[in-house]
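Residues per chain, in single letters:
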There are 2 protein chains.
Amino acid sequence: MRRLSLYLRSLEELERAGVATVSSQELASRGGTTAAQVRKDLSHFGSFGKRGLGYGVPHLAGELRRILGLSRSWRVALVGAGRMGAALFEYPNFRDRGFRIVTVLDQDPEKVGKEWGGIVIRDVEGLESVLREVRAEIAILTVPGEVVQEVVDRVVDAGIRAILNFAPVRLRVPPGVVVNDVNMALELEALSFALARGARGR
Amino acid sequence: MRRLSLYLRSLEELERAGVATVSSQELASRGGTTAAQVRKDLSHFGSFGKRGLGYGVPHLAGELRRILGLSRSWRVALVGAGRMGAALFEYPNFRDRGFRIVTVLDQDPEKVGKEWGGIVIRDVEGLESVLREVRAEIAILTVPGEVVQEVVDRVVDAGIRAILNFAPVRLRVPPGVVVNDVNMALELEALSFALARGARGR
DNA sequence: TACTTTTTGTGAACGTTTTCACAATCCCCT
DNA sequence: AGGGGATTGTGAAAACGTTCACAAAAAGTA
């Protein structure tokens with residue numbers, strides 16, 4: 001459920017604004033959906049609201065964090081220290097949400113040994129042992145498509161069970177490993193498609 | 001239809017490999033779906049295959065490019081010359097697919113006037129006139145969430161009808177303007193969610 | 001306490017997407 | 001020229017997701 005993340009984002013805004021309670025209607029309009037949708041989504045995980053009153057903002061935010069696994073922090077390995085890797089390393093939303101990049105790896109000897117914000121870039125050569133050493137739980141892969149499958153096999157060997165993949169390649173992983181793809185070319189193509197058939201809004 | 005892009009990617013691989021014809025079955029396994037799905041998707045736009053034989057690889061690739069609006073090239077404006085902007089500027093998949101970044105804009109006077117691969121970074125101050133001058137059709141926005149809505153209003157004023165947004169903010173646009181969001185924190189949260197409930201693969 | 005207002009939680013209706021199943025079609029082989 | 005094997009295109013069925021509508025609950029008011 002991807003919408004849960006959106007609700008959480010709205011709830012955190014409301015939390016900062018000091019709002020104590022919120023209705024499904026209000027959450028819906030902020031999240032770009034309907035009140036019924038919000039209630040159905042939430043009711044799937046429990047009964048968090050009070051009838052006639054709405055949802056307690058801090059309470060619901062806490063529950064969503066728990067459901068989404070965000071009440072703890074995650075140890076993330078970044079493989080690929082190119083431009084995209086650099087951009088993600090600096091991305092403030094990751095750290096704010098409890099995703100801590102604990103190691104950066106690259107194949108290029110020029111980059112290995114350099115330091116990024118206190119983290120030394122390690123050689124991808126020793127990937128398995130590095131990932132075990134830093135107890136990484138999630139891998140972000142910003143490596144070229146030609147080598148990404150090999151890297152995937154190795155991070156899976158190293159015990160990683162969740163992968164965020166930026167290469168435009170369909171990854172093959174054993175059962176029990178979750179992969180999420182970010183394919184920016186595809187997003188542009190969706191725009192191209194919409195323009196080509198005469199953008200009709202959304 | 002997002003799957004069409006995936007099919008096209010497979011077809012281009014097959015094209016390079018010199019394969020003349022492909023079955024829905026083959027396309028399905030490469031695209032991570034089913035043969036029936038492939039046929040339904042394609043039949044929605046026309047009848048491109050030959051019964052008993054399959055689809056002609058070059059022909060179908062051409063049709064998909066036409067449908068997706070990729071048989072021409074698109075003029076793209078990049079607003080926000082931070083790390084993410086730099087990563088996207090270099091991203092080879094954009095240019096390969098006919099998305100040409102024709103201008104880069106930023107708010108920071110330190111950056112304005114610098115040159116990126118032959119393109120001078122312009123001041124976001126003159127956004128409307130720059131975008132008209134270069135005849136930009138698509139805008140990629142890698143600006144902070146606090147200012148993205150203002151930038152959106154301005155690029156829309158400048159005649160842009162398709163926006164790729166990297167800020168974790170829901171944009172409000174008039175009808176006729178298409179927005180596509182890339183929200184990387186959300187993708188990580190989906191992994192966190194999966195891990196939290198015990199990854200069961202995909 | 002009884003009445004009113006508000007808003008949740010949820011079964012049922014509805015709509016959309018995916019899968020199934022098979023007749024229609026095409027190529028190849030003899 | 002005719003039969004066999006392969007594969008598409010597509011209605012019908014099934015699965016899935018969204019919206020509707022309303023009873024159940026909570027809180028304020030008198």
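Residues numbered from 1 in each chain as written. Chains lettered and ligands numbered in written order. Predicted model: local features only at pLDDT ≥ 70, side-chain atom pairs only at ≥ 80, totals over all residues. Heavy atoms only, no water.

Is there a simple way to think about the pairing of strand β4 (residues 74-79) of chain A in this case?
Residues in a regular strand project their side chains so that they alternate between the two faces of the sheet. Residues and elements named next belong to chain A. Most of β4 is tucked away: 5 of the 6 residues are buried. Two elements, β4 and strand β5 (residues 99-106), share 6 bridges in a ladder whose sense is parallel. When the sheet's bridge partners are listed, valine 79 is paired in β5 with leucine 105. Here β4 runs beside strand β8 (residues 138-141); their pairing, made up of 4 bridges, is parallel. Bridged to valine 79 within β8 is leucine 141. (Buried < 20%, exposed > 50% of the residue type's maximum accessible area, 1.4 Å probe, protein only. Helix = DSSP H or I, 4+ residues; strand = E, 2+ residues; numbered from the N terminus. Pairing = 2+ DSSP bridges.)

Quick question: what am I supposed to make of the environment of arginine 97 of chain B here?
Along the polypeptide, arginine 97 of chain B turns up in the loop between α6 (92-96) and β5 (99-106). When its relative accessible area of 9% is taken as the criterion, arginine 97 of chain B is described as buried. Expressed as a C-alpha distance, the spacing of arginine 97 of chain B and tryptophan 74 of chain B, which sit 23 residues apart in the sequence, is 9.2 Å. Setting aside residues up to four positions removed in sequence, arginine 97 of chain B forms contacts with Glu189 of chain A together with Leu8, Arg9, Glu12 and Leu70 of chain B. Among the polar contacts listed, one links the side chain of arginine 97 of chain B to the side chain of glutamate 189 of chain A, at a separation of 3.1 Å. (Contact = heavy atoms within 4.5 Å. Polar contact = N/O pair within 3.5 Å; in protein donor to acceptor, adjacent residues only side chain to side chain.)

For this particular structure, what's the right way to read the relation of the copies chain B and chain A?
Relating one copy of the chain to the other requires a rotation about an axis plus a shift along that axis. When chain B is fitted onto chain A, the two copies agree to an RMSD of 0.1 Å after a turn of 179° and an axial shift of 0.0 Å. Put plainly, the chains are arranged around a two-fold axis. (Least-squares fit on C-alpha atoms with pLDDT ≥ 70 in both.)

Got a minute to help me understand the sheet that holds strand β2 (residues 49-50) of chain B in this structure?
Sheets are built from strands paired through backbone hydrogen bonds, the pairs being either parallel or antiparallel. Strand order in this open sheet of 3 strands is β1-β3-β2 (chain B), and the pairing throughout is antiparallel. Taken across any chain shown, the strands that pair with only one partner, and hence form the sheet edges, are β1 (21-22) and β2 of chain B.

Just to check I follow, could you spell out the protein's contact with DNA strand D for this structure?
Taken together, 22 residues surround DNA strand D, and among them Ser24, Arg39, Ser47, Gly52 and Tyr55 of chain B come closest. Within the side chain of lysine 40 of chain B, one N or O atom sits 3.0 Å away from a base oxygen of DNA strand D. The separation between a phosphate oxygen of DNA strand D and a polar main-chain atom of phenylalanine 48 of chain B is 3.2 Å. Top contributing element to the surface near DNA strand D by residue count: helix α3 (residues 35-43) of chain A, with 4 residues. Partitioned by chemical class, the residues of the surface near DNA strand D number 4 nonpolar, 9 polar and 9 charged. (Near = heavy atom within 4 Å. Nonpolar A, V, L, I, M, F, W, Y, C, P; charged D, E, K, R; others polar.)

Honestly, the nonpolar core in this entry has me stumped. Any pointers?
Within soluble globular proteins, side chains that are nonpolar generally end up buried alongside one another. Met184 of chain A together with Met184 of chain B are the most contacted members of the largest nonpolar core, which has 100 residues in total. Residues in contact with methionine 184 of chain B, not counting those within four places in the same chain, are Leu88, Tyr91, Phe94, Leu164, Phe166 and Val182 of chain A together with Met84 and Phe166 of chain B. (Core = buried A, V, L, I, M, F, W, Y, C linked by side-chain atoms within 4.5 Å.)

Got a minute to help me understand the domain arrangement of chain A in this structure?
A common way to report how large an interface is uses the accessible area buried once the components associate. Domain annotation for chain A reports domain 1 (3-68) and domain 2 (74-186). Centre-to-centre, using C-alpha coordinates, domain 1 of chain A lies 32 Å away from domain 2 of chain A. (Domains from an automatic or database assignment.)

How should I be thinking about the interface of chain B and chain A in this particular structure?
Between chain B and chain A, the contact holds 64 residues from the first and 63 residues from the second. Applying the counting criterion to the chain B and chain A interface returns 8 salt bridges. Linking chain B with chain A are 15 residue pairs in polar contact (both at pLDDT 80 or more). Among the elements that take part in the side of chain B that touches chain A, helix α9 (residues 184-196) of chain B stands out by supplying 13 residues, more than any other. Residue classes in the side of chain B that touches chain A are distributed as 38 nonpolar, 11 polar and 15 charged. (Salt bridge = Lys/Arg side-chain N within 4 Å of Asp/Glu carboxyl O.)

I would appreciate a short explanation of the environment of proline 109 of chain A in the present structure.
Tracing the backbone through its elements, the reader meets proline 109 of chain A in the loop between β5 and β6 (115-116). Residues proline 109 of chain A and glutamate 150 of chain A, 41 residues apart in the sequence, show an inter-C-alpha distance of 19 Å.

When you look at the packing of aromatic side chains in this model, what are you seeing that I'm missing?
The geometry of an aromatic ring pair is captured by the separation of the ring centres together with the interplanar angle, meaning the angle of the planes. Residues and elements named next belong to chain A. For the structure shown, the criterion picks out 6 aromatic pairs over all chains. Aromatic pair tyrosine 91 and phenylalanine 94: ring centres 4.8 Å apart, planes at 75°, arrangement edge-to-face. Owing to a relative accessible area of 2%, phenylalanine 94 belongs among the buried residues under this scheme. Just above the ring of tryptophan 74 sits the side chain of arginine 72; from NZ or CZ to the centre is 3.7 Å. (Phe/Tyr/Trp six-rings, centres within 6.5 Å; stacked < 30°, edge-to-face > 60°. Lys NZ or Arg CZ within 6 Å of the ring centre and 35° of its normal.)

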